[in-house]
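Each chain, written out:
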Amino acid sequence: MHCEASASLINRMKVIKTIEQMQFFSQHGKKLGKTIGLVPTMGYLHSGHISLIKRARKDTGIVVVSIYVNPTQFGPGEDYKRYPRDLERDRELAKAAGTDVLFVPSNKEIYPDGYSTYIMVEELSEKLCGISRPIHFRGVTTIVAKLFNIVKPTRTYFGWKDAQQLIIIKKMVSDLNIDVKVIGLPTVREKDGLAVSSRNKYLTKKEREIAPVLYQALVQVKRMVNSGESNSAKVLKEVKNLIKAKKIKIDYLKAVNLMSLKDVKKLKKKTLIAVAAWIGKTRLIDNMLIK
Ligand code: PAF
């Protein structure tokens, strides 16, 4: 076993609540020559987060998991207030997965009175989810950039389930010359294909039963592409019907270029098929890459 990893299993996980203490801890770790892996989360940890933490544990000397439900990435009327929170449960899960530090800042720490600076990755943030959630990615890039400045990670880990978020963060890191390696890991799925998400908790029993249709739709796109169909309008139309048949309201179902997130007419390598839909009151997203 990695000697630093074994040390972290012996030591207790530290919970840090202030920016000052977090920065001090990271600076000290770096002086000792340790690499730092950061897994930013909004808590209510699930198997998707655990896969990110375990990978950070393998790759880096100090694993920091941040838990912060970031108000600036929720629009008016969205689920900021009811977003699931359970710190005790998260603490146990994070510790078992090999976390060294749980960084749990308050709103006052992150956005003190008079806070007025935001980061916006133009264009990419205005596509797909950015259409119905216009301030969402501005909030995400702002908090993630702040976390990078506070934790000073060597590597940071995000899930492909939030593909647009991952692409935007990579672009921000490149545009702002931030010295961190961004690693995207595969979407973790339930046995029936539903992408694991904290918001799955909102689904009623009936909604949970129909939710895997989003994954089935993506698989159907792949099947059609594999059998030689490349006309995206034709494929998306057929697949939309599959979702609509379950009385699910589609926000978008699109075939886009992986880098630019612009619509593509032909389905080919590096096309991202992305879907967002309302299952009852819950908005879920999923995607699949054509390889
Ligand atoms: O993916 C999430 O949980 C959040 O958007 C993130 C990256 C932790 C920023 O708040």
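Assigned secondary structure in the protein chain consists of 11 helices and nine strands. Compactness check: the protein chain gives a C-alpha radius of gyration of 20 Å against a globular reference of 19 Å for 291 residues, within 12% of the reference. Its C-alpha atoms give the protein chain principal-axis dimensions of roughly 55 × 40 × 35 Å. Going through the 291 residues of the protein chain one by one, you find that 51% of them count as buried. Here the analysis covers contacts within the protein chain between residues at least 6 apart in sequence; of these, 71% occur between residues at least 24 apart. Accessible surface, the protein chain: about 15,000 Å² in total, of which carbon and sulfur atoms supply 53%.

Looking now at the pairing of strand 3 (residues 62–67). Consecutive side chains along a regular strand alternate between the two faces of the sheet. The buried fraction of strand 3 is high, at six of six residues. Judged by which residues are buried, strand 3 turns out to be covered on both faces: I62, V64 and S66 on one side and V63, V65 and I67 on the other are all buried. Of the strand pairs in this sheet, strand 2 (residues 36–41) and strand 3 are connected by six bridges, and their pairing is parallel. Paired with T41 across the two strands is I67, which belongs to strand 3. What joins strand 2 to strand 3 is helix 3 (residues 47–59), and the crossover it makes is right-handed. Looking at chain direction, strand 3 and strand 4 (residues 101–103) are connected through three bridges and run parallel. In the sheet register, S66 faces strand 4, and the bridge partner there is F103. Between the parallel elements strand 3 and strand 4, the chain passes through helix 4 (residues 87–96) in a crossover that is right-handed.

What follows concerns empty space enclosed by the protein. Left-over empty space is what a probe sized like a water molecule reveals as it rolls over the atoms. Scanning all chains against the criterion turns up one cavity of 30 Å³ or more. Size it by volume and the largest cavity reaches roughly 40 Å³. For the lining of the largest cavity, the class distribution of residues is six nonpolar, two polar and two charged.

What follows concerns the sheet that holds strand 8 (residues 271–279). Either a parallel or an antiparallel arrangement is found when strands of a sheet pair, and the pairing is made through backbone hydrogen bonds. Spatially, three strands are ordered 7-8-9 in an open sheet, and the strand pairing comes out antiparallel. Here the strands that pair on one side only, and so sit at the sheet edges, are strand 7 (249–257) and strand 9 (282–290). Along the sheet, successive strands turn relative to each other by an average axial angle of 10°, direction set aside. With eight bridges joining them, strand 7 and strand 8 adopt antiparallel strand pairing. Bridge pairing in strand 8 places A255 opposite I273.

As a packed pair, helix 7 (residues 136–151) and helix 8 (residues 163–175) sit with axes 10 Å apart at the nearest point and diverge in direction by 55°. When the interaxial angle is binned, helix 7 and helix 8 end up oblique. Where helix 7 crosses over helix 8, the two elements pack in a sense that is right-handed. Residues F137, V140, T141, V144, A145 and F148 of helix 7 touch helix 8, and the partners they reach there are Q164, Q165, I168, I169, M172 and V173. Its residues placed into classes, the contact of helix 7 with helix 8 shows nine nonpolar, three polar and no charged.

What counts, and at which threshold
Residue indices follow the written sequence of each chain, beginning from 1 at its first position. Note on the predicted model: pLDDT of at least 70 is required for a residue's local features to be given, and 80 or more for side-chain atom pairs to be given and counted; whole-chain, interface and lining totals, by contrast, use all residues. The side-chain quantities take in all heavy atoms of the structure and omit both hydrogens and water. Only DSSP runs of H or I covering at least 4 residues are called helices, and only runs of E covering at least 2 are called strands; the numbering of each starts at the N terminus. Using C-alpha atoms as the atom set, the radius of gyration is obtained and then compared with a globule rule of 2.2 Å times the number of residues to the power 0.38. Burial classes follow relative accessibility: with a 1.4 Å probe on protein chains only, a residue under 20% of its type's maximum area counts as buried, one over 50% as exposed, and anything between as partly exposed. Whether two residues are in contact is decided by their heavy atoms: any pair within 4.5 Å suffices. Here the accessible surface of atoms and residues is derived via Shrake-Rupley with a 1.4 Å probe, and residues count as covered only by protein chains that are part of the display. Strand pairing requires that DSSP identify at least two bridges connecting the strands. For crossovers, right-handed means that the path from the first strand over the helix to the second runs clockwise, given strands pointing away from the viewer. The rule is simple: put a 1 Å grid over the protein atoms alone, call a set of points where a 1.4 Å probe fits but cannot get out a cavity, call an open set with protein on both sides within 12 Å along at least five of seven lines a pocket, and count a residue as lining if it has an atom within 4 Å of a point. Grid points are joined across faces, edges and corners, and a volume is the space filled by probe spheres set on the points. Each residue gets one of three labels, nonpolar for Ala, Val, Leu, Ile, Met, Phe, Trp, Tyr, Cys and Pro, charged for Asp, Glu, Lys and Arg, and polar for the others, Gly among them. With axes taken as lines fitted to C-alpha atoms, and helix axes fitted only over the stretch in contact, angles between N-to-C directions fall between 0 and 180 degrees. When an angle is under 35 degrees it counts as roughly parallel; over 145 it counts as roughly antiparallel; between 65 and 115 it counts as roughly perpendicular; any other value is oblique. Rotating anticlockwise by less than a right angle from the far helix to the near helix defines a left-handed crossing, while the corresponding clockwise rotation defines a right-handed one.

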